[in-house]
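# Report on the structure
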Amino acid sequence: QAQLVESGGGLVQAGGSLRLSCAASGLTFSGYSMAWFRQPPGKEREFVASINWNGRQTDYVDSVKGRFTISRDNAKNTVYLQMNALKPEDTAVYYCAGKDLRFAAYGYWGQGTQVTVSS
């Protein structure tokens, strides 16, 4: 059974940094594109960043470009989100998601980790 488990969330002051991790199990990790989404309080879930199977292609929502970096280690079945220069508007539950290369949609999701940025 495939499972994604996020970690690394917490409370940080504006301007600070956090590194989120997402450990995958029960799937062939190198066969999946991975992404981070977030859901701010009272808002819809939104795309944050994605990375292709070999890490050579990444994509970011405009609001995090230059501040966040997505990366992956296929040997460790883990995807990361390095978040720098955090802003209060980055406060959200952050979710890891995986997409089988054969399909169009993200079919696997983690349980989420809370990130709170204080001003």
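Worth saying up front: this structure is predicted, and the values here are computed from it rather than measured.

The helix and strand inventory of the protein stands at zero helices and eleven strands. In terms of overall dimensions, the protein is globule-like: its C-alpha atoms have a radius of gyration of 13 Å, near the 14 Å expected for 119 residues. If one aligns the C-alpha atoms of the protein with their principal axes, the spans along those axes are about 40 × 25 × 25 Å. Of all 119 residues assigned to the protein, the portion counted as buried reaches 44%. At a minimum sequence separation of 6, the contacts of the protein that also span at least 24 residues come to 55%.

With that out of the way, let us pick up the sheet that holds strand 1 (residues 3–7). Overall, antiparallel pairing links the four strands, which are arranged 1-3-8-7 in an open sheet. Sheet topology places strand 1 and strand 7 (68–73) at the edges, where each strand pairs with a single neighbour. Within the sheet, the average angular offset between the axes of one strand and its neighbour, ignoring direction, is 15°.

What counts and how
- Residues numbered from 1 in each chain as written.
- Predicted model: local features only at pLDDT ≥ 70, side-chain atom pairs only at ≥ 80, totals over all residues.
- Heavy atoms only, no water.
- Helix = DSSP H or I, 4+ residues; strand = E, 2+ residues; numbered from the N terminus.
- Rg over C-alpha atoms; globule rule 2.2 N^0.38 Å.
- Buried < 20%, exposed > 50% of the residue type's maximum accessible area, 1.4 Å probe, protein only.
- Contact = heavy atoms within 4.5 Å.
- Pairing = 2+ DSSP bridges.
- Axes fitted to C-alpha atoms, helices over the stretch in contact; angles between N-to-C directions.

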